[in-house]
Structures are given as C-alpha cells and as structure tokens.
Amino acid sequence: MSTTAAGPAGPRTQAVPPVQAGIYHPTVARLTYRGLLGRRRALLLLALPLLLLIIVSAVRALAGQDDNTTANLLQGFALSAMVPLIGVIAGTGAIGPEIDDGAIVYLLAKPIKRSTIIATKLLVAIGVSVAFCAIPTLVAGFVLNGNGQRLAVAFAVAAAVASVAYSAIFLMLGVLTRHAVVVGLVYALVWEGVIGNVVPGARTLSVQQWSLSIAQRLSVDSAVTSEVSLTTGVVLLVLVTAAATWFAARKLRTLKLAGEE
C-alpha cells in the first residue's frame, strides 16, 4: 500500500509500513519486561516466593520431612495464594498501566496487529509468572521433602500450568477495566483462596483445582487430591486460557486512538 504526495519535482510515492503480524514482537516484549520488572513490581514479585521459602524452611526445621505437610503447605500457600497473586501482578501489570496512563496509544499507533500485542504481552506475563511461581515452588518442595513421592515436581508443574491460566485471565482484566488489580485481588483472595477451598460446588470452577488435577496425576501420594478429573482440568485450563486471550485481543481492537475519537 502507498500514498502519493506532491512535491517540487512532481508527485512522489511514500510506502506505508505493512502491519506486523505473528504472535511475538520483540519491541513490545522488551517494553513489557521493563514495565513488569521495574523496582516496585520486582519487589512485589520477590516478596511472596521469599516468604514461601522462609515458611518452608521453618516448617522443615520444626517438623522434619512429611508428605502430608508438604502437600498441605504447597497447596495451601503456593497454589492458593502465591500463584494467583503473582498472576495478578504479572497479568494486569503487562498492559494495565499502559492503558491507564495513555502510553498504549503510542503502541497501538504502530503497524502491529493488536492480537500480536496481546500475544506478546501474554507470553511475557507467563514467563514472569512461571519464573516467580514454579521455580520457588520446586525449591520449596525439595526443602520440605526432597521431592518425596514426586511432590516437589508435581506442584511445580501445577504452579506453572496455573500461571499460564492466571496470566491470561488477569491480562484480560487489564484490558477490560481500570480496576483490574482490585478485581484480580478479590478473585485471587476470595474465590481462589477461600471459596474455592471451602465451597464444594465452587471448587470445580477453580484454576487451583484444575492445576491440582495435574499434580495429583504426577505425584504418587494420596495427600494430593483434586475435585476434578485430569481430563476435565486440562480441558478447562486450555479453554479458559484461549478464551481469555481471544477476548482480550478483541477488546483491544475496540480501543480508539486519540486521533480517531
């Protein structure tokens, strides 16, 4: 596509840059990483894994190795609290601040498909979430039980899988509302942390329970239980992640640039 402009020497043709497609854009990724790993967010991302490691070290010193203690602590703190909260920070932080301060306008003005922007930001959010969730969970499992009954690996995989779903959900919230952090915290603390652990019917609609179905299959310990089957858990994780990503990209397409309003 080109445009024609008149000049002293007659009309000249100016090429319009083609819209860049794909699922990953290096410049968008670099800007997103820079925003997520700034000083304040980096401290927040480090705080929960550090707290987990302090707790498991104290429990190991006081109680020694125990499969039930390991499973209860990794589920009760890592999967129920740490993973969704880090998902809130990474998912909403990948795009929410840019929308709030208007910086997204400059990004949307570039010849980049909006689905590519969402996909890139999701990949970055997933990478950050997995790094700050799955790795500390694995280390915590080894500290507690030395991977007895494969619990450390099972919960680390569950944390990684849950991080993918949470990143997509909270990224979508970051596009949908300016109050994404508040909504995300309510969801993470109330639904996943309380209702999803107490109310039987709500457990089947919990990302935590879906990821636990994978941990249950990977471990050989009866202390790990899930309210859903492995097939149901995997299908729901995939569907929710895909649906949240699609809806975020669709919503981003409706955002108007300042010059379009």
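Our structure's up above, just so we're on the same page.
Small disclaimer: the values here were computed from a predicted structure and weren't measured. (Residues numbered from 1 in each chain as written. Predicted model: local features only at pLDDT ≥ 70, side-chain atom pairs only at ≥ 80, totals over all residues. Heavy atoms only, no water.)

Chemist: Explain the pattern of salt bridges here, please?
Modeler: Side chains carrying opposite charge are able to pair once their charged atoms draw close together. Following the criterion strictly, the structure yields three salt bridges and no others. In this structure, the salt-bridge partner of Asp100 is Arg178, at a minimum N-O distance of 3.5 Å. In this pair, Asp100 sits in helix 4 (residues 96–101) while Arg178 sits in the loop between helix 7 (151–176) and helix 8 (180–198), placing the two residues 78 residues apart along the sequence. Residue classification places Asp100 among the partly exposed positions, given a relative accessible area of 42%. The class of Arg178 is exposed, set by a relative accessible area of 57%. Arg203 serves as the salt-bridge partner of Glu227, at 3.2 Å between the closest nitrogen and oxygen. One end of the pair, Glu227, is in the loop between helix 10 (207–218) and helix 11 (230–253); the other, Arg203, is in helix 9 (residues 200–203), with 24 residues separating them in the sequence. With a relative accessible area of 41%, Glu227 lands in the partly exposed category. (Salt bridge = Lys/Arg side-chain N within 4 Å of Asp/Glu carboxyl O. Helix = DSSP H or I, 4+ residues; strand = E, 2+ residues; numbered from the N terminus. Buried < 20%, exposed > 50% of the residue type's maximum accessible area, 1.4 Å probe, protein only.)

Chemist: I'm lost on the packing of helix 7 against helix 10 in this one. Help?
Modeler: Packing of helix 7 against helix 10 leaves a shortest axis separation of 8 Å and a crossing angle of 155 degrees. Put simply, helix 7 runs roughly antiparallel to helix 10. By crossing handedness, the relation of helix 7 to helix 10 is classed as right-handed. Counted together, Ala154, Phe155, Val157, Ala158, Val161, Ala162, Ala165, Tyr166 and Ile169 of helix 7 and Val207, Gln208, Ser211, Leu212, Ile214, Ala215 and Leu218 of helix 10 form the full contact between these two elements. A class-by-class count of the residues in the contact of helix 7 with helix 10 yields 14 nonpolar, two polar and no charged. (Axes fitted to C-alpha atoms, helices over the stretch in contact; angles between N-to-C directions. Parallel < 35°, antiparallel > 145°, perpendicular 65-115°, else oblique. Left-handed = near helix turned anticlockwise from the far one by under 90°. Contact = heavy atoms within 4.5 Å. Nonpolar A, V, L, I, M, F, W, Y, C, P; charged D, E, K, R; others polar.)

Chemist: Would you explain the environment of Ala243 in this entry?
Modeler: Relative to the assigned elements, Ala243 resides in helix 11. When the C-alpha atoms of Ala243 and Ala168 are compared, they prove to be 8.6 Å apart, with 75 residues separating the residues in sequence.

Chemist: Just to check I follow, could you spell out a nonpolar patch on the surface for this structure?
Modeler: Residues Val181, Val182, Leu185, Val186, Leu189 and Val190 make up a contiguous nonpolar surface patch of roughly 480 Å² in combined accessible area. Its place among the elements puts Val186 in helix 8. The exposure class assigned to Val186 is partly exposed, which follows from its relative accessible area of 47%. (Patch = residues over 30% accessible without salt bridge, like charges linked within 9 Å, V, L, I, M, F, W, Y side chains within 5 Å. Areas by Shrake-Rupley, 256 points an atom, 1.4 Å probe, with all protein chains shown as cover.)

Chemist: Could you clarify how one ought to interpret the layout of surface pockets in this entry?
Modeler: Where empty space is left can be seen by rolling a probe of water-molecule size over the atoms. As a volume, the largest pocket reaches approximately 360 Å³. Lining the largest pocket are 20 residues, and of these Arg41, Thr92, Gly93, Pro97 and Val181 sit closest to its centre. Secondary-structure elements contributing two or more residues to the lining of the largest pocket are helix 2 (39–63), helix 3 (67–93), helix 4 and helix 8. Considering each element in turn, the lining of the largest pocket owes the most residues, five residues, to helix 3. (1 Å grid on protein atoms, 1.4 Å probe; cavity = no way out; pocket = protein on both sides within 12 Å on 5 of 7 lines; lining within 4 Å. Points joined across faces, edges and corners; volume = space filled by probe spheres on them.)

Chemist: What is the right way to read the environment of Val240 from this model?
Modeler: Structurally, Val240 can be placed in helix 11. Taking the C-alpha atoms as reference points, Val240 and Tyr166, separated by 74 residues in sequence, lie 9.3 Å from one another. Once you skip the residues sitting within four places of it in the chain, Val240 turns out to touch Ile169 and Trp210.

Chemist: Just checking my understanding: could you explain the nonpolar core for this structure?
Modeler: The tendency in soluble globular proteins is for nonpolar side chains to be buried as a group. With 68 residues, the main nonpolar core has Met82, Val83, Ile95, Ile118, Phe155 and Val207 as its most contacted residues. Residues contacting Ile118, with those up to four places away along its chain left out, are Ile95, Leu171, Val175, Thr245, Ala248, Ala249 and Leu252. (Core = buried A, V, L, I, M, F, W, Y, C linked by side-chain atoms within 4.5 Å.)

Chemist: Which parts of the structure should I look at to understand a positive patch on the surface?
Modeler: On the surface, a cluster of positive charge is contributed by Lys113, Arg250, Lys251 and Arg253. Along the chain, Arg253 falls in helix 11. (Lys, Arg positive; Asp, Glu negative; His and termini not counted. Charge placed at Lys NZ, Arg CZ, Asp CG, Glu CD.)

Chemist: Mind showing me how you'd approach helix 1 (residues 26–36) here?
Modeler: In an α-helix, one full turn covers 3.6 residues, which means residues spaced three or four apart are oriented alike. Within helix 1, the full set of buried residues consists of Val28, Ala29, Thr32 and Leu36. In an axial view of helix 1, the angular spread of the buried residues amounts to 95 degrees, which keeps them on one side of the axis. Buried-residue contacts for helix 1 involve helix 2, helix 3, helix 5 (104–108) and helix 6 (114–145). (Arc of directions from axis to C-beta.)

Chemist: Just checking my understanding: could you explain the side chain of Thr137 for this structure?
Modeler: Mapped onto the elements, Thr137 comes out in helix 6. Among the residues examined, Thr137 registers a relative accessible area of 1% and is labelled buried.

Chemist: Help me understand unusual backbone geometry in this model?
Modeler: Note on backbone geometry: most residues besides glycine have negative phi, and most peptide bonds are trans. Phi is positive for Asn147, close to 65 degrees, though the residue is something other than glycine. One non-glycine residue, Gln149, lies in the positive phi region at around 60 degrees. Within the secondary structure, Gln149 sits in the loop between helix 6 and helix 7.

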